[in-house]
Amino acid sequence: MKNDKTPLELREPLLDAMLGHVPFDGWSDKALCHAAEDIGVSSEMAELAFPGGAMEAMEAHLVRADEKLATALAALDLMNMRIRDRITVAVRTRFEQAAEHREAVKRGVAAHALPQNIAAGAKAGWRTCDIIWRACGDTSTDHNWYTKRASLLAVYSSTLLFWLNDESDDYKETWAFLDRRIENVMQFEKAKFKMREACANAPSLGRFLGRLRYPHS
C-alpha cells in the first residue's frame, strides 16, 4: 500500500504504533522499526520522521502527554480548590492518563536513568511540573517560581516511582503516598513563610552598618 504521508505526518501514527512495542523492546530503534512495519512504511521513513531515533520518539511522547494533561486540567474547576487539592488532582490526572501505557512509562524512566539521558529526563520532569503549577494558578516570577517547581518535581518523581510498582486496587496506595508527600511540602512552605516573616521583622545588619557609616541618614 502506497503511503503518501510526509515524515512530519508520520510522527503521530509511528508513535502510536511504537507504544505497543516499547513494553517488550524498550524505547529503542528496534521498537521504532516494528512500528514502521505496523503502519506500512520503511525504516528509512521512520528515521526521517524521528532523526534522533527512539529517544526523540520518547520525547515526543512526553510532550504529547504534557499537552494532554494541560488540556484536561484546563477543563477542571481547579481555582475553587485548596492549593494542595489542586496539586493532588493534577498529579493524579497525569498518572491516570498514563495508566494505559504504564510499562512504556517504566521503560522511559529506565532510559532517563542512563547517564547520557539524565539531563533530558530532568528537563521533561521540570516541564510537567511547570504545566501543573501554571494550571494551578501560579504566576510567580521570582525565586518562588523555581522553588515551587523544584519541590513539586521531588514529589512528582518519588510518586512516579511508587506508582510504577504499585499493585494495589485503583492505585490507592499511590494516592496515599502522594498525600503524604504533599503534606510534607505544605509543612515546608508554612515553615518557609514563618521564616520570611521573622526575617522581615528582625533587625537588619545592613541597616545597622549603614547608620554607622551615615549616622544622619
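What comes next is a walk through the structure. (Residues numbered from 1 in each chain as written. Predicted model: local features only at pLDDT ≥ 70, side-chain atom pairs only at ≥ 80, totals over all residues. Heavy atoms only, no water.)

**Quick look at the overall build of the chain**
Line of reasoning, step 1. Per the secondary structure count, the chain includes 11 helices and 0 strands.
Line of reasoning, step 2. When the helices and strands of the chain are listed from N to C terminus, the series reads α-α-α-α-α-α-α-α-α-α-α.
Line of reasoning, step 3. In the chain, 64% of the contacts between residues at least 6 apart in sequence involve partners at least 24 apart.
Line of reasoning, step 4. Of the roughly 13,000 Å² of accessible surface on the chain, a fraction of 59% belongs to carbon and sulfur atoms. (Helix = DSSP H or I, 4+ residues; strand = E, 2+ residues; numbered from the N terminus. Contact = heavy atoms within 4.5 Å. Areas by Shrake-Rupley, 256 points an atom, 1.4 Å probe, with all protein chains shown as cover.)

**Some points on the environment of L14**
Line of reasoning, step 1. Its place among the elements puts L14 in helix α1 (residues 7–18).
Line of reasoning, step 2. L14 gets classed as buried once you look at its relative accessible area, which sits at 0%.
Line of reasoning, step 3. If near-sequence neighbours (up to four positions away) are discounted, L14 is found in contact with A35, A36, I39, V41, A46, A49 and F50. (Buried < 20%, exposed > 50% of the residue type's maximum accessible area, 1.4 Å probe, protein only.)

**Here's the deal with the environment of I182**
Line of reasoning, step 1. Position of I182 relative to the elements: it lies in helix α10 (residues 172–201).
Line of reasoning, step 2. For the pair I182 and Y156, spaced 26 residues apart in sequence, the C-alpha to C-alpha distance is 9.5 Å.
Line of reasoning, step 3. What I182 contacts, discounting residues up to four positions off in sequence, is R84, I87, T88 and V155.

Coordinates in, geometry out; function isn't part of it.
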